[in-house]
Amino acid sequence: MQQESIYNLIPKEYVPPPKEPMYRSAYPCGLTPTGSTFNNHTTSRPKVNNINGEFDLVRGPHTHKGQSNSLGRPKGSYKPDSTMFRLKNTGTMGSNQLPEVKQYKYPPSVRPPVPKKDEKPIHGLKSNKNYIVTNAVENILSAPKQIVDDKPWTEKKDYGKVPDYLTKIQQSISSEYEIIRNMHISEAEEMDKQKYLMTQEEVEQLKKGLKKKWESVNKEYQSITHIRMIDTVGLKRKKEQCEKELAQLEKDIEKLNKNYVFVDTQK
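Our subject in this report is the structure included herewith. Residue numbers restart at each chain and count upward from 1, following the sequence in its written direction. It should be noted that, the model being predicted, local features are given only for residues of pLDDT at least 70 and side-chain atom pairs only at 80 or more, the latter also being counted only at that level, while totals for whole chains, interfaces and linings use all residues. Processing note: side-chain calculations cover all non-hydrogen atoms of the structure and skip hydrogens and water entirely.

**Points about the overall build of the chain**
Right, on to step 1. Per the secondary structure count, the chain includes four helices and two strands.
Right, on to step 2. We count a stretch as a helix when DSSP gives it H or I for four or more residues in a row; a strand needs E for two or more, and each element gets its number in order from the N terminus. Ordered by position in the sequence, the α and β elements of the chain form the string α-α-β-α-α-β.
Right, on to step 3. Only protein chains enter the area calculation, which uses a 1.4 Å probe; residues under 20% of their type maximum are buried, those over 50% are exposed, and those in between are partly exposed. Going through the 267 residues of the chain one by one, you find that 9% of them count as buried.
Right, on to step 4. Contacts in the chain between residues at least 24 apart in sequence constitute 46% of all its contacts with a sequence separation of at least 6. Between two residues, a contact is recorded if the distance between any of their heavy atoms is within 4.5 Å.

**Concerning the side chain of K207**
Right, on to step 1. With respect to the secondary-structure elements, K207 resides in helix 3 (residues 200-225).
Right, on to step 2. Residues scored as charged are limited to Lys and Arg (positive) and Asp and Glu (negative), so that His and the chain ends carry no count. Any Lys or Arg side-chain nitrogen found within 4 Å of a carboxyl oxygen on Asp or Glu counts as a salt bridge. Here K207 sits buried without a salt bridge, and the closest side chain of opposite charge, E204, lies 4.3 Å off (N-O distance).
Right, on to step 3. Beyond its immediate stretch of four places on either side in the chain, K207 contacts L256 and N257.

**Overview of the packing of helix 3 against helix 4 (residues 233-255)**
Right, on to step 1. Close contact between helix 3 and helix 4 brings their axes to 9 Å; oriented N to C, the two are set at 150 degrees. Judged by the inter-axis angle, helix 3 sits roughly antiparallel to helix 4. In the crossing of helix 3 with helix 4, the sense of the turn from one axis to the other is left-handed. Along the contact surface, helix 3 presents L210, K211, K213, W214, V217, N218, E220, Y221 and I224, while helix 4 presents L235, K238, K239, C242, E243, E245, L246, L249, E250, D252 and I253.
Right, on to step 2. Think of it as three bins: nonpolar holds Ala, Val, Leu, Ile, Met, Phe, Trp, Tyr, Cys and Pro, charged holds Asp, Glu, Lys and Arg, and polar takes everything else, Gly as well. Grouping the constituent residues of the contact of helix 3 with helix 4 by class yields ten nonpolar, one polar and nine charged. Between N-to-C directions, angles span 0 to 180 degrees; the directions come from axes that are lines fitted to C-alpha atoms, helices contributing only their stretch in contact. Orientation categories follow fixed angle ranges, with anything under 35 degrees roughly parallel, anything over 145 roughly antiparallel, 65 to 115 roughly perpendicular, and all other angles oblique. Two helices that cross are described as forming a left-handed crossing if the nearer one is turned anticlockwise from the farther one by less than a right angle, and a right-handed crossing if clockwise.

**Let's talk about the nonpolar core**
Right, on to step 1. In this description, a nonpolar core means a group of buried Ala, Val, Leu, Ile, Met, Phe, Trp, Tyr and Cys residues linked to one another through side-chain atoms lying within 4.5 Å. Residues M198, V203, L210, V217, Y221, I224, C242, L246, L249, I253, L256 and V261 constitute the largest nonpolar core, which totals twelve residues.
Right, on to step 2. Considering each element in turn, this core owes the most residues, five residues, to helix 3.
Right, on to step 3. Leave out the neighbours within four places in its chain, and L249 touches L210, K213, W214 and V217.

**Details of the packing of aromatic side chains**
Right, on to step 1. Only Phe, Tyr and Trp rings are paired, with Trp represented by its six-membered ring, and only when their centres lie within 6.5 Å; those with planes under 30 degrees apart are stacked, over 60 edge-to-face, the remainder tilted. On inspection of all chains with the given rule, the structure shows one aromatic pair.
Right, on to step 2. When the centroid spacing of 5.1 Å and the interplanar angle of 85 degrees are considered together, the rings of Y104 and Y106 count as edge-to-face.

**Section: a nonpolar patch on the surface**
Right, on to step 1. Grouping into patches uses exposed residues only, defined as over 30% relative accessible area, and leaves out salt-bridged ones; the cut-off is 9 Å for like charges and 5 Å for nonpolar side chains (Val, Leu, Ile, Met, Phe, Trp, Tyr). Accessibility throughout is a Shrake-Rupley quantity obtained with a 1.4 Å probe, and a residue counts as covered only by protein chains that appear here. Judged by side-chain polarity, V162, Y165, L166, I169, I173, Y177 and I180 come together as a nonpolar surface patch covering roughly 680 Å² of accessible area.
Right, on to step 2. By the secondary structure assignment, I169 is in helix 2 (residues 164-194).

**A few points about the pattern of salt bridges**
Right, on to step 1. Tallied over the entire structure, the rule returns two salt bridges.
Right, on to step 2. For R181, the salt bridge identified is with E178, shortest N-O distance 2.5 Å. Here R181 pairs with E178, and both are found in helix 2, just three residues apart, close to one helical turn.
Right, on to step 3. With relative accessibility at 44%, the residue R181 sits in the partly exposed group.
Right, on to step 4. Here E220 and K238 are joined by a salt bridge, their closest N and O atoms 3.3 Å apart. Of this pair, E220 sits in helix 3 while K238 is found in helix 4, placing the two residues 18 residues apart along the sequence.
Right, on to step 5. E220 sits in the partly exposed class, given a relative accessible area of 33%.

Right, dumping it as structure tokens:
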């Protein structure tokens with residue numbers, strides 16, 4: 001970081017950095033493509049050319065480049081032609097003659113004409129009317145405004161009646177409540193259809209099957225618990241699996257002891 005100094009107040013002369021040399025490729029620009037099959041049909045060496053990637057090839061009677069097989073026109077065609085220049089009476093104006101001069105006509109004016117010098121306005125008109133006295137007399141002689149007394153609210157026709165807009169709002173709210181109530185009822189009916197009440201015979205048959213399953217798992221579990229040293233991973237996993245199955249079977253048997261047993265048909 002440059003420190004603050006009085007010598008830094010004087011601007012230093014800008015020294016441009018040295019310009020790098022222009023990049024030039026080590027390979028010639030007109031080299032024949034290596035192993036290219038896009039060869040010119042006029043060459044004496046068709047098919048694949050310059051397989052070895054050589055710089056100097058043995059030139060044949062024809063070159064591998066076409067006359068105009070490049071971007072743009074051939075070299076030298078962009079030079080200006082000294083004979084092609086703009087000649088007389090060949091421009092965009094045709095004969096280079098100006099159009100005829102026409103007199104400009106002003107549009108008709110909408111404003112009233114300016115008065116002439118002979119038309120003088122009438123001067124010296126005066127009125128003897130006293131506007132203050134006239135205004136006072138008109139106010140004195142004018143009849144007072146009659147104030148129309150409104151009827152009291154108790155004597156009006158719509159007194160004590162519910163407005164129409166309130167009845168419309170109440171009807172819309174009640175219709176919305178009715179729609180919501182019907183939706184809840186339909187959902188409850190749909191949920192009831194998905195449930196199935198098991199009979200007592202089916203419950204007893206399911207209990208017997210679960211008890212048999214519990215006895216078989218318990219017998220297997222008892223055979224593992226009498227082993228003194230459970231030193232293998234397989235025995236440990238088998239013991240844990242038996243404990244989980246026994247606990248789940250006991251929960252299922254306890255659920256079947258209820259008065260009513262429903263089965264969800266969607267699961």
